[in-house]
Amino acid sequence: MSKLNKLFKEAKKNKKKIFIGFVTSGDPNYASSKAIIKEMTKSCQIIEAGVSFNTSTSDSPIIMEANDRAIKSGMNMNKTFKLIKEVKKETKTDTCFVLMTYLNPVIIYGMKKFIQNCKSIDISGVIIVDSNLNSPEERILVNGLSKKNIGYTKIISPTNSDKFIQQSIRNCKNSWLYITSYYGLTGSKNVNIKNVKKMIKRVRKYSKEIPTAVGFGVKTPAHVKQVSKYADGVICGSSIVNKIAEGHKKKMQGKKLATFVSSYVKKLSKGVGKW
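Since this is a predicted model, take the numbers as computed values, not measurements.

(A) Up close: the packing of helix 3 (residues 61-72) against helix 11 (residues 238-249). Between helix 3 and helix 11, the shortest axis-to-axis distance is 9 Å and the interhelical angle comes to 55°. In terms of orientation, helix 3 lies oblique with respect to helix 11. Between helix 3 and helix 11 lies a crossing whose hand is left-handed. Together, I62, I63, A66 and R69 of helix 3 and S238, V241, N242, A245 and H248 of helix 11 make up the contact between the two elements. The residue inventory of the contact of helix 3 with helix 11, partitioned by class, reads five nonpolar, three polar and one charged.

So this is what it looks like as structure tokens:
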């Protein structure tokens, strides 16, 4: 059983919901990003750390700009692993870390090396945004990560077929399903609660057990509270990244920027209730 399985199982047992915060690792620079993530561990049960990539397919301009800032500061896959390792060591946190990336950087880095480093640094899960369900790479990832008890998460949207949802459930036995509340770019609209209800109902047709977490357009504590009525977890990404950009434009960095961002994340996290 992966750490993510245990976390969602324990939350369900105690009638709690999971708050998941996303940041692009290394945004706006290594030191500030590290300070931000350390502060976020106080409010997030899961942190998605995005690996900077400049040709992504589903990210909003907000996250693309974060990728550009991180790349400009010298961020790469190795430094992402290093950053998370240091955060875990310095905070001794129970927060689960999930790497969110695309297939291209993983293949260039080396798939076996990637999986091994996830294990050695104690990464709890992986999201590969553009991996095809039936590709050879998908099989390597699903099997390799599963053997090391690392969760693997697929993203499903309102436009996906039931067949796609069923296969995604099979591939995510060690993790959760990431449901987008609408089709399109993350953060480009407000959360669509009608779609959230429909998507969770569709998932539950095929699995009563797999945890669901909803993202895309979740920007306020009220949004978080609304989504948590239906999903097991709530994901906030673009709004947090936008707050980092806001602080960066005000010339904040390090601890000052981390406090500025984390106060916002703390408010968002209250939408899932007390932990």
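(B) Representation of the pairing of strand 1 (residues 18-24) in the model. Most of strand 1 sits inside the fold, with seven of its seven residues counted as buried. In strand 1, alternate side chains face the same way, and those of I18, I20, F22 and T24 on one face and F19, G21 and V23 on the other are all buried. Bridge analysis of strand 1 against strand 9 (residues 233-236) gives four bridges, and the strand direction is parallel. Residue pairing across strands places F19 opposite V234, the latter belonging to strand 9. With five bridges joining them, strand 1 and strand 2 (residues 46-50) adopt parallel strand pairing. For T24, the partnering residue across the bridge sits in strand 2 and is G50.

What counts, and at which threshold
- Residues numbered from 1 in each chain as written.
- Predicted model: local features only at pLDDT ≥ 70, side-chain atom pairs only at ≥ 80, totals over all residues.
- Heavy atoms only, no water.
- Axes fitted to C-alpha atoms, helices over the stretch in contact; angles between N-to-C directions.
- Helix = DSSP H or I, 4+ residues; strand = E, 2+ residues; numbered from the N terminus.
- Parallel < 35°, antiparallel > 145°, perpendicular 65-115°, else oblique.
- Left-handed = near helix turned anticlockwise from the far one by under 90°.
- Contact = heavy atoms within 4.5 Å.
- Nonpolar A, V, L, I, M, F, W, Y, C, P; charged D, E, K, R; others polar.
- Buried < 20%, exposed > 50% of the residue type's maximum accessible area, 1.4 Å probe, protein only.
- Pairing = 2+ DSSP bridges.

Function cannot be read off these values alone, since they describe shape.
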